[in-house]
Amino acid sequence: MQVHLVPTIFGIFIHDNKGEIILHHVIYPDVSLAVTVTSKIMEGHIVTPLQDLLKQAQSEGFESVIVENQHVARAIEELGTVAVVIDEQSRDIKMFRSMLDDILVREKIVEDRTRVSTFRHDVALRIARSRISEASKSPDLLVKHAIDAIGEIDKNINILSMRLREWFSIFRPSLTRLVEDHNQFAQVIKTINKGGTTKEDLLKIGFADMIAEKISTSFETDMGAPLTGEDLIPLTQLADMVNNLVETRQRMEEYVSRLMQTVAPNITALVGPLVGARLISMAGSLLDLSRKTSSTIQVLGAEKALFRSLKTGTAPPKHGLIFQVPELYSAPYWQRGKIARALAGKISIAAKIDAFSGRDAGQMLRDAFEKRVKEIRTQNPNPPPPKPTASIQGRQGRQRSGRSRRGKYGRRRPSKR
Amino acid sequence: MSVLPTSFGGVFKIKDKDRESLATRSLVKNQSVYGEKVFDIEDYSYRLWSTRRSKLAAAIKKGLHELPIQLGSHVLYLGAASGTTVSHISDIVGEEGVVYAVEFSPISARDLVFLAESRSNIIPIVDDARRPTNYTSIVTGSIDVVYQDVAQPDQARILFDNIRTFCSLGAWAMIAIKARSIDSVSETRQVFDREVGSLQESGLDVIERVNLTPYERDHEMVLLRVTEDL
Ligand SMILES: C[S@@+](CC[C@H](N)C(=O)[O-])C[C@H]1O[C@@H](n2cnc3c(N)ncnc32)[C@H](O)[C@@H]1O
């Protein structure tokens with residue numbers, strides 16, 4: 001038998017094609033349960049009341065249930081106990097729904113019509129309120145704030161570390177050369193403060209054998225002012241700050257990565273969560289990014305250079321933010337323009353999918369991009385010959401002012417073929 | 001100052017010197033929803049109903065003959081915004097009636113929810129009117145009138161889908177057609193005719209058309225009825 005399944009805020013009902021209730025699971029009078037059940041089902045998730053009802057339906061041996069909403073169908077499919085059919089225009093369901101308020105009272109599920117109304121009012125208000133607060137917490141806005149915070153933290157790490165290095169070099173000038181990483185530098189300062197200057201102490205905070213050796217000898221041989229405990233206090237505090245910032249940054253990165261998996265899975269698959277998040281932030285929002293042309297995306301984050309090129313006629317930038325993608329920065333300079341263009345094209349597709357359909361095409365786009373990079377590599381193995389200079393021939397000299405500008409664009413053009 | 005009934009139940013005229021304005025008898029005493037004036041006359045509060053802020057008021061002012069929204073009506077309102085018109089419909093249908101107010105912009109819906117908190121006959125729904133089956137779990141019971149003012153190019157389609165999802169024979173529909181939002185090139189008149197034509201084709205009977213000038217530019221209010229099985 002084919003039956004109809006109708007989820008409502010009062011309960012979930014299964015009825016036959018005469019509108020008779022066969023099975024039901026009552027939610028009334030639990031307002032919060034009605035809110036969660038309705039919201040969950042509408043997000044395509046399974047909830048216990050629905051699960052219970054479908055188990056019963058299965059044991060009754062119903063072939064399939066008809067529902068009128070695709071989200072509900074998805075929730076039922078996820079469970080996989082009973083087959084589900086979507087019929088958005090089911091007359092039987094419409095008839096059942098339009099009589100439901102009477103049925104509720106007749107079947108003594110709800111005491112009277114007044115209570116039907118007040119319950120509906122309470123539940124609807126709660127659902128509406130949660131919809132509104134959800135929306136004000138739009139996830140790409142969260143991505144934007146978090147990734148912007150990461151940028152600001154980086155700047156601060158740099159500023160404070162430079163201060164720390166210069167300050168400390170009054171006492172031990174070699175350390176700043178030996179330890180390039182800001183976080184490790186700060187850690188060395190903290191170790192010194194605890195009295196640890198031996199090779200073992202340095203191995204403990206993660207240095208490799210050879211470098212630990214070098215650092216500890218430098219402490220003995222370095223020239224510089226004598227270092228007192230009192231001098232070390234402010235330095236250690238500063239070092240602590242740098243370490244904390246680095247740690248905060250790491251957590252922030254994890255947060256952005258998690259968010260990006262849900263907000264923009266396709267962009268993330270293509271360029272990674274951080275570059276993806278920066279692109280979204282730079283564009284303003286995911287929707288804004290999805291509306292940009294791929295040539296805009298290609299130079300997003302290089303606005304200064306773009307503006308300069310427009311004003312002075314120098315070569316326009318070949319890439320902005322996307323330069324941070326390994327395939328690009330590790331490529332020889334003459335392949336970069338082509339790779340950047342290919343990548344920007346794929347990002348533009350990924351952004352549209354993320355903003356509008358949510359389909360998962362990330363891996364496909366990633367593969368297509370990698371394939372294109374390979375092609376570019378094999379087709380352009382050698383650097384282009386150096387550009388002829390004006391002194392070589394009179395003919396070129398004559399055209400120089402016109403050509404120099406077009407010539408630079410010209411370098412970008414051929415690969416369009 | 002005096003209050004006079006009109007041919008529509010729940011809709012009044014307030015005469016103040018030589019000025020005459022539409023008003024509804026407020027369900028909530030002394031409440032002003034969108035800054036409209038409120039008058040207390042013999043036990044009741046009356047809220048002035050602005051023809052510039054509400055297309056339904058404009059349609060009534062411009063001589064609408066029939067108003068299916070009455071005491072006790074169940075109304076599905078699409079494109080409720082912050083609830084300006086919804087509040088007057090809430091007054092008209094009274095405690096026995098209900099207005100399901102659908103609005104998809106969370107920002108506008110904030111005020112709508114606020115309004116619904118003080119009026120038990122307004123059921124706010126923050127959802128897309130293009131997906132009527134998304135709110136069938138809340139809208140149970142019958143619907144007498146679908147009122148629509150979404151100002152979208154596909155407004156006829158949206159109206160029809162909602163009617164088909166919620167209404168049966170004899171139900172009414174009112175739609176405020178905005179010519180500009182459908183097509184900015186063709187003549188306004190043609191746009192109206194085309195939209196009304198497409199509604200007729202889908203099986204609705206056109207009862208009345210009211211042009212809303214000068215209160216709203218390029219707007220028409222169309223009253224329709226479901227006279228065949230959809
Ligand atoms: C012209 S305003 C309505 C004004 C309101 N009817 C009044 O008189 O107070 C149109 C409203 O419809 C909303 N809207 C547009 N498309 C919608 C849709 N698909 N679903 C729900 N609301 C929609 C808009 O957000 C906007 O608030």
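Residues numbered from 1 in each chain as written. Chains lettered and ligands numbered in written order. Predicted model: local features only at pLDDT ≥ 70, side-chain atom pairs only at ≥ 80, totals over all residues. Heavy atoms only, no water.

1. As for the overall build of chain B
Here is step 1: Secondary structure summary: chain B contains 6 helices and 12 strands in total.
Here is step 2: Within chain B, the proportion of its 230 residues that are buried is 57%.
Here is step 3: Put simply, 59% of the contacts in chain B that link residues at least 6 apart link residues at least 24 apart.
Here is step 4: Surface accessibility of chain B: about 9700 Å² in total, with carbon and sulfur atoms responsible for 45%. (Helix = DSSP H or I, 4+ residues; strand = E, 2+ residues; numbered from the N terminus. Buried < 20%, exposed > 50% of the residue type's maximum accessible area, 1.4 Å probe, protein only. Contact = heavy atoms within 4.5 Å. Areas by Shrake-Rupley, 256 points an atom, 1.4 Å probe, with all protein chains shown as cover.)

2. Some points on helix H19 (residues 362–379) of chain A
Residue and element names in this part refer to chain A.
Here is step 1: If you check H19, its first and last C-alpha atoms are 26 Å apart, about what 18 residues at 1.5 Å a residue would give, namely 26 Å.
Here is step 2: If you check which residues of H19 are buried, you get Gly 362, Leu 365, Arg 366, Phe 369, Val 373 and Ile 376. All buried residues of H19 fall inside an arc of 100° around its axis, so they share one side. Those residues of H19 that are exposed and angled more than 90 degrees off the buried face are Gln 363, Met 364, Lys 371, Lys 374, Thr 378 and Gln 379.
Here is step 3: Structurally, H19 contributes buried residues whose contacts are with helix H12 (265–271), helix H17 (326–329) and helix H18 (333–357). (Expected span 1.5 Å × (residues − 1). Arc of directions from axis to C-beta.)

3. With respect to the sheet that holds strand S6 (residues 74–78) of chain B
Residues and elements named next belong to chain B.
Here is step 1: Strand order in this open sheet of 7 strands is S8-S7-S6-S9-S10-S12-S11, and the pairing throughout is mixed. Each edge of the open sheet carries a strand with a single partner, namely strand S8 (122–125) and strand S11 (204–211). The average angle at which neighbouring strand axes cross in this sheet is 20°, direction not considered.
Here is step 2: Pairing of S11 with strand S12 (residues 219–226), which is carried by 7 bridges, proceeds in the antiparallel orientation. Within S12, the residue paired with Leu 204 across the bridge is Val 226.
Here is step 3: Those strands touched by helix H3 (residues 106–118) are strand S7 (98–102) and S8, and its axis lies near 155° from that of S8.
Here is step 4: Contacting S6, strand S9 (145–148), strand S10 (172–178), S11 and S12, helix H4 (residues 155–166) crosses the sheet at an angle of about 165° to S10. (Pairing = 2+ DSSP bridges. Axes fitted to C-alpha atoms, helices over the stretch in contact; angles between N-to-C directions.)

4. A few points about the environment of Lys 374 of chain A
Residue and element names in this part refer to chain A.
Here is step 1: Tracing the backbone shows Lys 374 in helix H19.
Here is step 2: Judged by its relative accessible area of 60%, Lys 374 is exposed.
Here is step 3: A sequence separation of 35 residues divides Lys 374 from Ile 339, and the C-alpha atoms of the two residues are 9.7 Å apart.

5. Brief notes about the site of the ligand
Residue and element names in this part refer to chain B.
Here is step 1: Around the ligand sit 17 residues, and of these Tyr 77, Thr 85, Glu 103, Asp 128 and Ala 129 come closest.
Here is step 2: With respect to the ligand, the side chain of Tyr 77 contributes an N or O atom lying 2.6 Å from a nitrogen atom.
Here is step 3: With respect to the ligand, the side chain of Gln 152 contributes an N or O atom lying 3.3 Å from a nitrogen atom.
Here is step 4: A total of 610 Å² of accessible area belongs to the ligand in isolation, and the protein chains cover 86% of it. (Near = heavy atom within 4 Å. Polar contact = N/O pair within 3.5 Å; in protein donor to acceptor, adjacent residues only side chain to side chain.)

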